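# Per-entry structural report
Listed below are the residues making up each chain.
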Amino acid sequence: MRAAVFNAVGDDKFEIRDDVMLIPPALGEVRIRVRAAGVCHSDLSARDGALPQPVPAVLGHEAAGDVVEVGDGVTDLALGDRVIVNWLPACGSCSSCLRGEPYLCMAHVMLGYVQPRFLAGETPVFGMAGCGAFAEEVVVPQQGAVKIGDDVPYEVAALVGCGVMTGVGAVINTAGVRPGESVLVIGCGGVGIAAIQGARLSGASVIVAVDTATEKHEVAKRFGATHAVTPGGLSDLSTQVTGGEGFDWAFDVVAIPQTLRSAWVAIRRGGAVVVVGAGRADHHVEFSPFELLFEGKRIMPSLYGSADVRRDYARLLDLWRAGRLDLSGMISHRLRLDQIDDALASLGRGDVIRQVILHDGA
């Protein structure tokens, strides 16, 4: 089958191969024909070494498709089911799952670092997060495939699998933003736009979008932002819209030291910064014990939107069906697999919200 193989950390080119073989599904696994795969900034981070990734690998983790084979022991999926790929499947039995925190389960994700999913010739090839959606087919554990209705276009479903779940979930699940509160979103790519939509759905009265690319400001307003500004104009705008008090919530989708500091400064005393972006393991942000105590502010992680995907995917799609969550409008570019290099190079560009790689049949 065809796949985009990433051979070494730091390479800026993928090898498009037609001879990649998929390791068949084992006990409790399913094989999925990928129809659409979103291009996420995490794919770029894995390529550049900011996120750990064994190589060679097929990247991509935001996808939707059809079940074409089921392994022994699979009981809740059948051939032909339309599914969203869940890159963070929960085992259901570890301490995190039993505490009601399935988004913290690492059982299946860790297997992705030791268990190759493909063969390129005789060379084992890993799949990003155990997936590898920049291939025509993937094998995932049955918990990594969530059945959806046939009325959902593959490209819409793919976005729910990572970016939309991450952004909307950060606002609704992690933060629990309430009507009338003020929200700041730093970074207006796909996840940031999803967070803006989550804030709109939550009834936030003020939603300020921050991005260095001014082209994204009108886009952010189209999806629900009440104001948009570059980082240099944030302080003045905050004074204008919050009376100098600061925002109730700041969602940092970029998650580098400068943006985390900006988010901290921008929230009110007693407010909260929600860390949405993955950032880099070698980056550090300094806070003094005095300010951590005296200002009463909180820093909250939001891994995968604090999601329970078997509940939340359906909720997001119901909001889409009701016309309250714009998913199709988030797709700014539709590409083919051999354009993956251009897709990663375009991330951060002003006209890019979410790019989707379409496979045959999408």
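Attention here is on the structure that accompanies the text. (Residues numbered from 1 in each chain as written. Predicted model: local features only at pLDDT ≥ 70, side-chain atom pairs only at ≥ 80, totals over all residues. Heavy atoms only, no water.)

### Structural notes on the overall build of the protein
Assigned secondary structure in the protein consists of eleven helices and 19 strands. For the protein, whose C-alpha radius of gyration is 20 Å, the value lies close to the compact-globule estimate of 21 Å for 362 residues. Over its C-alpha atoms, taken along the principal directions, the protein stretches across nearly 60 × 40 × 40 Å. By the burial criterion, 57% of the 362 residues in the protein qualify as buried. Across the protein, the fraction of contacts at a sequence separation of at least 24, relative to all contacts at a separation of at least 6, is 70%. Of the roughly 14600 Å² of accessible surface on the protein, a fraction of 53% belongs to carbon and sulfur atoms. Positive and negative side-chain charges of the protein, numbering 31 and 42 respectively, have mean locations separated by a distance of 5 Å. (Helix = DSSP H or I, 4+ residues; strand = E, 2+ residues; numbered from the N terminus. Rg over C-alpha atoms; globule rule 2.2 N^0.38 Å. Buried < 20%, exposed > 50% of the residue type's maximum accessible area, 1.4 Å probe, protein only. Contact = heavy atoms within 4.5 Å. Areas by Shrake-Rupley, 256 points an atom, 1.4 Å probe, with all protein chains shown as cover. Lys, Arg positive; Asp, Glu negative; His and termini not counted. Charge placed at Lys NZ, Arg CZ, Asp CG, Glu CD.)

### Overview of the sheet that holds strand 1 (residues 3–6)
Across the sheet, six strands lie side by side as 2-1-5-9-8-3; this open sheet has mixed pairing. Sheet topology places strand 2 (15–17) and strand 3 (20–22) at the edges, where each strand pairs with a single neighbour. With three bridges connecting them, strand 1 and strand 2 associate as antiparallel partners. Bridge assignment links Ala3 to a residue of strand 2, and that residue is Arg17. (Pairing = 2+ DSSP bridges.)

### Observations regarding the nonpolar core
Within the largest apolar cluster, 108 residues are counted, with the highest numbers of intra-cluster contacts made by Phe134, Ile193, Ile196, Trp249, Phe251 and Met330. It is helix 4 (residues 154–175) that provides the largest number of residues to this core, a total of 13 residues. When sequence neighbours within four positions are dropped, the list of residues in contact with Phe134 reads Ala3, Ala4, Ala37, Gly38, Val39, Asp43, Val58, Leu59, Gly60, Leu337, Ile340 and Ile357. If you look at the next biggest cluster of nonpolar residues, it comprises 16 residues, including Val210, Leu234, Leu237 and Ala263. (Core = buried A, V, L, I, M, F, W, Y, C linked by side-chain atoms within 4.5 Å.)

### Comments concerning the side chain of Gln197
Locating Gln197 in the fold gives a position in helix 5 (residues 190–202). Filtering out sequence-adjacent residues up to four positions away, Gln197 remains in contact with Phe223, Arg324, Leu325, Asp326 and Met330.

### Some remarks on the sheet that holds strand 15 (residues 247–252)
The strand order across the open sheet built from six strands is 14-13-12-15-16-17, with neighbouring strands paired in parallel fashion. This sheet does not close on itself; its edge strands, each paired only once, are strand 14 (227–229) and strand 17 (298–301). Sheet twist, expressed as the average angle between the axes of neighbouring strands with direction ignored, equals 20°. Inspection of the sheet shows strand 16 (residues 267–275) paired to strand 17 by four bridges, in the parallel sense. (Axes fitted to C-alpha atoms, helices over the stretch in contact; angles between N-to-C directions.)

### Here we look at the packing of helix 4 against helix 5
Where helix 4 contacts helix 5, the two axes come as close as 7 Å, and the packing angle between them is 40°. Taken together, helix 4 and helix 5 sit at an angle that is classed as oblique. Taken as a pair, helix 4 and helix 5 cross one another with a handedness that is right-handed. Taken together, the residues of helix 5 that come into contact with helix 4 (itself represented by Gly163, Val164, Thr166, Gly167, Val168, Val171 and Ile172) are Val191, Ala194, Ala195, Gly198, Ala199 and Ser202. Of the residues assigned to the contact of helix 4 with helix 5, the class counts are eight nonpolar, five polar and no charged. (Parallel < 35°, antiparallel > 145°, perpendicular 65-115°, else oblique. Left-handed = near helix turned anticlockwise from the far one by under 90°. Nonpolar A, V, L, I, M, F, W, Y, C, P; charged D, E, K, R; others polar.)

### Brief notes about helix 5
If you check helix 5, its first and last C-alpha atoms are 18 Å apart, about what 13 residues at 1.5 Å a residue would give, namely 18 Å. Of all 13 residues making up helix 5, twelve are buried, and the element is well covered by its neighbours. Residues Gly190, Val191, Gly192, Ile193, Ala194, Ala195, Ile196, Gln197, Gly198, Ala199, Leu201 and Ser202 constitute the buried set of helix 5. Looking one or two residues beyond helix 5, the residue adopting positive phi is Gly203, at roughly 85°. (Expected span 1.5 Å × (residues − 1).)

### A closer look at the packing of aromatic side chains
Summed over all chains, the structure comprises five aromatic pairs. Measuring from centroid to centroid gives 6.4 Å for Trp249 and Phe251, while their planes differ by 25°, and the two rings are stacked. Its relative accessible area of 6% is what places Trp249 among the buried residues. A cation over a ring is seen here: Arg269 above Phe294, with NZ or CZ 4.5 Å from the ring centre. (Phe/Tyr/Trp six-rings, centres within 6.5 Å; stacked < 30°, edge-to-face > 60°. Lys NZ or Arg CZ within 6 Å of the ring centre and 35° of its normal.)

### A short note on the pairing of strand 10 (residues 137–141)
The element strand 10 is largely enclosed, with a buried count of five among its five residues. Taking every second residue as pointing to the same face, both faces of strand 10 are buried, with Glu137, Val139 and Pro141 on one and Val138 and Val140 on the other. Sheet topology note: the strand 4 (residues 29–39)/strand 10 ladder contains five bridges and is antiparallel. Its bridge partner lying in strand 10, Ile32 is registered against Val138.

### What to know about the pattern of salt bridges
One pass over the full model with this rule turns up 26 salt bridges. A salt bridge links Asp18 to Arg2; the shortest N-O distance between them is 2.9 Å. In this pair, Asp18 sits in the loop between strand 2 and strand 3 while Arg2 sits in the segment before strand 1, placing the two residues 16 residues apart along the sequence. Among the residues examined, Asp18 registers a relative accessible area of 55% and is labelled exposed. With a closest N to O distance of 3.0 Å, Arg35 and Asp66 form a salt bridge. Of this pair, Arg35 sits in strand 4 while Asp66 sits in strand 6 (residues 62–70); the two residues are 31 residues apart in sequence, bridging distant segments of the chain. (Salt bridge = Lys/Arg side-chain N within 4 Å of Asp/Glu carboxyl O.)

### Remarks on the environment of Gly71
Along the chain, Gly71 turns up in the loop between strand 6 and strand 7 (82–85). The buried category is assigned to Gly71, whose relative accessible area is 11%. Between the alpha carbons of Gly71 and Met165 there is a distance of 27 Å; along the sequence they are 94 residues apart. With near-sequence residues (within four places) excluded, Gly71 lies in contact with Pro25, Ala26 and Glu29.

By themselves these figures say nothing about function.
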